Amino acid sequence: MGTKTTLHVTGEKIEKFTGDLLVFCAIERPDRMPFCDERVKKILQPVWKSGDFTGKKDDYLLVYPASIGMGKIHRFGCRRIAVVGLGKPEDTPNELREQLRLAGGTIATKAKSYKAQKVMVVVPDVAGLSLSERTESLSEGLLLGNYCFDKYKTKDDEDLTSPVKTFLLSGNGSSTAMRHGMTLGKNAGLAACAARDMANEPGNVWTPEKFADHAKQLAGEYPLKCRILEKKDMKKIGMGGILAVNQGSAVPPKLVILRYTTGKKNPTLMLVGKGLTFDSGGVSLKPAAGMEDMKYDMCGGAAVLGAMEVVGREQPPDINIIALVPATDNMSGAAALKPGDIIKHFGGKTTEVVNTDAEGRLILADALAWGIKTYAPDAIIDLATLTGAVIMGLGHHRTGLLSNNDTLVERICRAGEQAAEPFWRLPLGPEYSKQLKSEVADLKNVGGRPAGTITAAAYLQEFVGKTPWAHCDIAGTAWDFTEKSYIPKGPSGVGVRTLAGLVRDWAPLPKKKK
Ligand code: BES
Ligand code: ZN
Ligand code: ZN
């Protein structure tokens, strides 16, 4: 599991580097030679004059020092030198971060295609970001772009790329600052790759038990405590939602709990992730076309465990965090839940299940209600591939955000912008909640076709009471996310880097005025 790539800050002279690829960055300037490292000006100038390289985003120039005599002039010891365009100097720090992440993604993608093992990257001087921030974003892009999932390919395919083994970062300035930035980028980048790994595993491998095993493994490696609620525990405490969804399955459900505590009276954040290991729709069966993608219905759970990996590595001093992942598949076995069935959630609320494919909200409702009762968190964030409707509204470019707390929304949006995982808030309100009224139970699990993402969130809202809560509908972004160099096809790992940013500088939420 995870990538074996290593990342180091090096003081080695770049001329002495004898690896497979040495990379510089260049910044686009209007009608002028792109701004770049002195050592590659000679290479770049004629190419810029020819108009083939202006330093714009995704510009990429590859040279072989030996074949153009540069080896002698600069005594470059490595086989290949590349220059990557960063684009024009952007205005905001977030845009600058993204330029560096994209460059990292381009570098890793190219390096993989040459099967390069050892790559040195010169961290560019970009005004507007500190050396640490530059190193962080570049490191993130390198690791995210270097991601490969080919463990099930048994043939030595010519087309198979192989990930870079070692990235060396060289830069102008304090190596302590560089190492700090690199560590942040590495922690978040590798955790997002771990979330992608979980998502890429097929439904016959990544079962609820695997979620539990992974959480136990994290608890073995880091100062985190793991607890698993088994089916019998769920029966005892009355988690009717998770049990109902699991009825048609051949494998038992799990509720995975992973806790990080500072031992101090710090605010507690609860993270909840939908861990639906395969969503067939159940008796309300989904159409066959594209159903294979429903192995990704556990990306919320994967993001939450990814975030806990960052928490475990960094151990933020002023926040306690509890992660909950309700995990089951949604199948249509003989005992399966049926449309019209009435179930009872943890806490006693009853639901008429009108569509068994709206199962995510059923498992999340139990986790939310039980989590609040058990741990009394100060804030809750849930992540779930909850509705196809969010793709209709926001496409694959933004995560839907629904919340009962404006400060929480502001924070999530800010962290999302910094991580280039943008959010967009949708409203909640009694008029939407009314769509969930049932004739025979407290609620029904579907509120009709209009506003499908909002009514799904309105369902969850019934279980959070007054606790500040935000729901992230990642159905459009967990895979097929905006195409870019560091987001390969397949699962994106969305949410991990946003959550990492959020917990890194968490402050207590202001108390609501009465
Ligand atoms: N896991 C799906 C949502 C989904 C759909 C995610 C497409 C990603 C891509 C969820 O469990 C579901 O099936 N939701 C239904 C709800 C409907 C029955 C009210 C949906 O969106 O169609
Ligand atoms: Zn479903
Ligand atoms: Zn689902």
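Computed from a predicted model, the values in this text were never measured in an experiment.

Visitor: Could you clarify how one ought to interpret the sheet that holds strand β13 (residues 342-344) in this entry?
Guide: Pairing between the strands of a sheet is mediated by backbone hydrogen bonds and can be parallel or antiparallel. One open sheet holds the three strands; their spatial order is β13-β14-β18, and the pairing between them is mixed. The sheet terminates laterally at β13 and β18 (443-444), the two strands that pair on one side only. When β13 meets strand β14 (residues 350-352), the two strands line up antiparallel, connected through three bridges. What sits directly across from Ile343, in β14, is Thr351.

Visitor: Help me understand the coordination of the zinc ion (ligand 3) in this model?
Guide: As a benchmark, a tetrahedral metal site with four donors has ideal angles of 109.5 degrees, while an octahedral site with six donors has ideal angles of 90 or 180 degrees. For the zinc ion (ligand 3), every protein donor is listed as Lys274 (NZ), Asp279 (OD), Asp297 (OD) and Glu359 (OE), and the spread of their distances is 2.0 to 2.4 Å. Taken together, the six donor atoms coordinating the zinc ion (ligand 3) and their angles of 77 to 174° define a geometry best described as octahedral. Summarised as a motif, the one-chain spacing of the donors to the zinc ion (ligand 3) is K-x4-D-x17-D-x61-E. Between the zinc ion (ligand 3) and the zinc ion (ligand 2), a spacing of 3.2 Å is present, and a bridge between the two is formed by Asp279. Within this pair, whereas Asp297 is found in the loop between β11 (275-279) and α10 (299-314), its partner Glu359 is found in the loop between β14 and α11 (360-375), the two being separated by 62 residues in sequence. Pair check on accessibility: Asp297 and Glu359 agree, each one buried.

Visitor: Any chance you could explain the pairing of β11 here in plain terms?
Guide: For a regular strand, side-chain orientation follows a simple rule: the groups alternate between the two sheet faces. Here β11 lies mainly inside the structure; five of its five residues are buried. The pairing of β11 with strand β12 (residues 320-330) spans three bridges and is parallel. Note on β12: the bridge partner recorded for Asp279 is Asn330.

Visitor: How do you make sense of the layout of surface pockets when you look at a structure like this?
Guide: For the largest pocket, the calculated volume is near 770 Å³. Taken together, 26 residues make up the lining of the largest pocket; nearest its centre are Asp357, Leu386, Thr387, Gly388 and Ala389. Mapped onto the lining of the largest pocket, the elements with two or more residues apiece are α12 (389-394) and α15 (452-461). A per-class count over the lining of the largest pocket returns eight nonpolar, nine polar and nine charged.

Visitor: How should I be thinking about the pattern of salt bridges in this particular structure?
Guide: Per the counting criterion, the structure on display carries 26 salt bridges. Asp279 is the salt-bridge partner of Lys286, the closest N and O atoms lying 3.9 Å from each other. Note on Asp279: relative accessible area 3%, which makes it buried. One salt bridge connects Glu417 with Arg398, and the closest N-O pair in it is separated by 3.9 Å. Of the two residues, Glu417 is situated in helix α13 (residues 406-419) and Arg398 in the loop between α12 and β16 (399-403); the sequence distance between them amounts to 19 residues. You can call Arg398 partly exposed: its relative accessible area is 27%.

Visitor: Got a minute to help me understand the nonpolar core in this structure?
Guide: The nonpolar side chains of soluble globular proteins are, as a tendency, buried together. If you look at the biggest cluster of nonpolar residues, it comprises 68 residues, and the most contacted ones within it are Phe211, Leu271, Met308 and Ile381. For this core, the element with the most residues is α10, which contributes nine residues. If you count residues domain by domain, this core takes at least three from each of domain 1 (6-148) and domain 2 (198-504). Residue contacts for Ile381: discarding those within four places in its chain leaves Leu269, Met270, Leu271, Val272, Leu408, Ile412, Ala470, Cys472, Leu499 and Leu502. Residues Ala369, Ile454, Ala456 and Trp469 belong to the second largest nonpolar core, which totals 44 residues.

Visitor: Hey, could you run me through the packing of helix α4 (residues 93-113) against helix α5 (residues 131-145) in this one?
Guide: When two helices pack together, their arrangement is given by the angle between the helix axes and the distance between those axes. Where α4 meets α5, the closest approach of the two axes is 7 Å, and the angle between their N-to-C directions is 35°. Relative to α5, the crossing made by α4 is right-handed. Counting all contacts with α4, which are made through Arg97, Leu100, Arg101, Gly104, Gly105, Ile107, Ala108, Thr109 and Lys112, the residues of α5 involved are Glu133, Arg134, Glu136, Ser137, Leu138, Glu140, Gly141, Leu142 and Gly145. In terms of residue class, the contact of α4 with α5 is made up of five nonpolar, six polar and seven charged.

Visitor: It is not clear to me how the packing of aromatic side chains should be interpreted in this structure. Could you clarify?
Guide: The description of an aromatic ring pair uses the distance of the two centres, along with the angle that the planes make with each other. Overall, the coordinates contain six aromatic pairs when judged by the stated rule. Measuring from ring centre to ring centre gives 5.5 Å for Trp206 and Phe211, while their planes differ by 80°; the resulting arrangement is edge-to-face. Phe211 matches Trp206 in its accessibility class, with the two residues each being buried. When the ring of Tyr459 is compared with that of Phe463, the centres are 5.5 Å apart and the planes differ by 40°; the resulting orientation is tilted. In this pair, the class of Tyr459 matches that of Phe463, namely buried. Positioned above the aromatic ring of Tyr147 is the side chain of Arg196, whose terminal nitrogen or guanidinium carbon lies 5.3 Å from the ring centre. Lying over the aromatic face of Phe481, Lys484 brings its terminal NZ or CZ to 5.9 Å of the ring centre.

Conventions and cut-offs
- Residues numbered from 1 in each chain as written.
- Chains lettered and ligands numbered in written order.
- Predicted model: local features only at pLDDT ≥ 70, side-chain atom pairs only at ≥ 80, totals over all residues.
- Heavy atoms only, no water.
- Pairing = 2+ DSSP bridges.
- Helix = DSSP H or I, 4+ residues; strand = E, 2+ residues; numbered from the N terminus.
- Donors = N, O, S within 2.8 Å, 3.2 Å for Na, K, Ca; no water.
- Tetrahedral: all angles 85-135°; square planar, octahedral: opposite > 155°, others 65-115°.
- Buried < 20%, exposed > 50% of the residue type's maximum accessible area, 1.4 Å probe, protein only.
- 1 Å grid on protein atoms, 1.4 Å probe; cavity = no way out; pocket = protein on both sides within 12 Å on 5 of 7 lines; lining within 4 Å.
- Points joined across faces, edges and corners; volume = space filled by probe spheres on them.
- Nonpolar A, V, L, I, M, F, W, Y, C, P; charged D, E, K, R; others polar.
- Salt bridge = Lys/Arg side-chain N within 4 Å of Asp/Glu carboxyl O.
- Core = buried A, V, L, I, M, F, W, Y, C linked by side-chain atoms within 4.5 Å.
- Domains from an automatic or database assignment.
- Contact = heavy atoms within 4.5 Å.
- Axes fitted to C-alpha atoms, helices over the stretch in contact; angles between N-to-C directions.
- Left-handed = near helix turned anticlockwise from the far one by under 90°.
- Phe/Tyr/Trp six-rings, centres within 6.5 Å; stacked < 30°, edge-to-face > 60°.
- Lys NZ or Arg CZ within 6 Å of the ring centre and 35° of its normal.

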